[in-house]
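A structural walkthrough
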Amino acid sequence: MRKNRSAALAAASFLLLTGAGIAAAPSAVAGTPGGTRADDRNSDFNGDGYEDVLVGAPGATVSGQQGAGLVTAQYGSSRGMNTTSVARFSQSTAGVAGAAEAGDGFGKAVATGDLDADGYDDAIVGIPGEDIGDTADAGGVAILWGSQQGLSGDNSDWLETQEPTKGEQFGSHLAAAHLTGETPGDILAVLDRDDLELFAYDAAPQADGQAPLRRQATERLSAAAEQRDITPKSLTTGDYDGNGYADLVVSGVTVGDEPGHGWSAYFSGNADGLKYEHDLRGGPVTASGDIDHDGYDDLVTGEPNSPDDGGETLTGGLVGVRYGGADGLKDEAKWWTQDSVDVPGVAERGDGWGGDLSVADTNGDGYADVAIGAPGEDIGTVADAGAVWVLRGSQAGLTGVGAKSWDQDSADISGVPEKGDKWGGQVRLTDPNNDGRFGLLAAAPGENAGDGVIWVLSAGASGITAAGSWTYGAESLGAPGKGAAFGAAIDE
């Protein structure tokens with residue numbers, strides 16, 4: 001529980017960033033997370049050139065407090081990722097603000113970015129169940145700063161919203177990227193139940209001992225901007241127009257007369273601030289990368305519970321692709337389901353296809369591929385066992401040709417399908433050995449009665465393969481595992 005209150009500008013729903021521009025970012029932060037080039041990734045906490053992996057276990061029992069939550073950081077190397085080069089953090093870690101309390105959900109959301117432009121990426125941890133004083137579930141965010149030695153709790157910092165309210169759940173979703181030229185570091189975007197707040201690094205002391213991150217001057221969308229009643233659910237960034245600044249997509253679902261449809265608000269990043277472009281169909285799950293290798297990132301949206309006009313589930317899930325270009329994201333989307341040509345499987349209600357997404361190049365051909373989780377997929381008669389697909393990128397864009405899928409009944413995948421495992425609840429393409437081929441992490445947060453397990457599938461010249469796959473959970477990393485929901489969040 002936190003007792004202090006910050007003093008800053010009030011949050012607003014779908015905000016714009018404004019202000020005078022400053023010098024361009026140094027090369028250390030010039031990349032745009034979500035892209036597929038090495039300098040586009042932002043998960044290197046110790047600056048050794050190898051991508052690291054940040055995993056949340058929000059259900060973990062810490063210091064006897066059920067659901068207090070924790071995160072793990074696995075450091076990459078020339079040998080890839082393992083279960084020994086690991087750091088573990090919770091609110092019982094020395095230096096981390098607050099205390100481990102039941103239901104905090106530390107690690108329910110995670111993100112990375114170089115906020116202070118020192119060349120080391122930082123870990124951002126959402127704690128949406130945090131109580132602020134007597135205000136239940138107001139939420140908070142912990143910042144673990146990167147360094148040559150990696151992450152440490154000793155120099156961590158804390159963020160909370162200006163006026164905490166009950167059930168606000170500040171820190172529910174997070175993203176960081178170099179969105180504008182107004183600051184040399186990455187901008188941090190934080191979602192709560194209803195609103196978005198933006199923060200930029202400022203070394204000057206902040207109110208009440210808060211993190212050296214200054215809330216940005218904001219204004220509501222102009223009257224000209226299209227208004228849509230959307231509950232925000234996720235954030236993604238990518239350089240869709242190729243101008244060197246990341247763009248931001250805030251994605252959610254509609255409420256009101258036609259509820260449950262995925263829609264997103266698209267903001268372009270520029271030297272002098274974010275600019276609202278337009279709303280677009282698709283969401284609430286999002287990821288970004290350059291699928292057609294044209295130098296512009298593309299937006300992938302997932303709608304795992306796509307309803308028809310009567311509110312009934314229309315498909316087993318819907319994935320959309322919008323391609324970037326000199327003018328940014330195109331209005332027209334290409335839609336995919338399990339019934340699309342060359343895609344394995346059959347679309348069935350409740351599959352949750354598109355429940356999570358990740359975009360990166362799995363075979364080193366320069367075209368980003370798309371990993372798609374379907375945690376509601378039934379395997380035979382086993383309900384909600386879950387499955388994962390990878391669709392390939394090409395010069396013509398995403399294609400079903402060569403698509404693959406796996407579940408716990410597949411060859412070389414350990415375990416057996418069990419009801420509620422939700423295999424594929426999180427998917428992450430990662431390259432911890434820096435060979436240019438991104439392997440797959442497939443999480444089943446419901447595995448082993450909610451302990452959570454991650455499967456590691458390597459990548460080669462033909463892309464992802466299950467041969468030699470292996471698994472690990474929180475206990476494999478020296479952390480408490482019972483009911484931890486390990487893998488419920490993995491940084492994209």
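A quick note: this is a predicted structure, and the numbers were derived from the prediction, not measured.

**Regarding the overall build of the chain**
The secondary structure content of the chain amounts to one helix and 32 strands. Relative to all contacts within the chain whose residues are 6 or more apart in sequence, the contacts with residues 24 or more apart total 58%. A total accessible area of about 17,500 Å² is found for the chain, and carbon and sulfur atoms account for 46% of it.

**Remarks on the sheet that holds strand β26 (residues 426–430)**
The sheet built from four strands is open, its strands ordered β26-β27-β28-β31 with antiparallel pairing. Across the chains shown, the open sheet's two edge strands, defined by having one partner strand only, are β26 and β31 (470–472). Neighbour-to-neighbour, the strand axes of the sheet open up by a mean angle of 20 degrees, direction not taken into account. Summarising the sheet, strand β28 (residues 453–457) and β31 pair through three bridges and their orientation is antiparallel. Bridging across to β31, W455 finds its partner in T471.

**Structural notes on the packing of aromatic side chains**
Any pair of aromatic rings gets described here by the distance separating the centres and the angle formed by the planes. By the definition in use, this model includes eight aromatic pairs. Taking 5.9 Å as the distance between ring centres and 75 degrees as the angle between the ring planes, the aromatic pair formed by W145 and Y201 counts as edge-to-face. Here W145 is found in the loop between β7 (140–144) and β8 (157–159), whereas its partner Y201 is found in strand β11 (residues 196–201), with 56 residues between them in sequence. For W145, a relative accessible area of 6% translates into the label buried. Geometrically, the ring pair formed by W470 and Y472 is tilted, given 5.5 Å between the ring centres and 35 degrees between the ring planes.

**Looking at the pairing of strand β16 (residues 262–270)**
Taken across its nine residues, β16 has eight buried, putting it largely inside the fold. As judged from the six bridges shared by strand β15 (residues 247–254) and β16, these two strands associate in the antiparallel manner. Bridge pairing in β16 links S251 to S264. Note that β16 and strand β17 (residues 273–281) share eight bridges and pair antiparallel. When the sheet's bridge partners are listed, S264 is paired in β17 with L280.

How each quantity is defined
Residues numbered from 1 in each chain as written. Predicted model: local features only at pLDDT ≥ 70, side-chain atom pairs only at ≥ 80, totals over all residues. Heavy atoms only, no water. Helix = DSSP H or I, 4+ residues; strand = E, 2+ residues; numbered from the N terminus. Contact = heavy atoms within 4.5 Å. Areas by Shrake-Rupley, 256 points an atom, 1.4 Å probe, with all protein chains shown as cover. Pairing = 2+ DSSP bridges. Axes fitted to C-alpha atoms, helices over the stretch in contact; angles between N-to-C directions. Phe/Tyr/Trp six-rings, centres within 6.5 Å; stacked < 30°, edge-to-face > 60°. Buried < 20%, exposed > 50% of the residue type's maximum accessible area, 1.4 Å probe, protein only.

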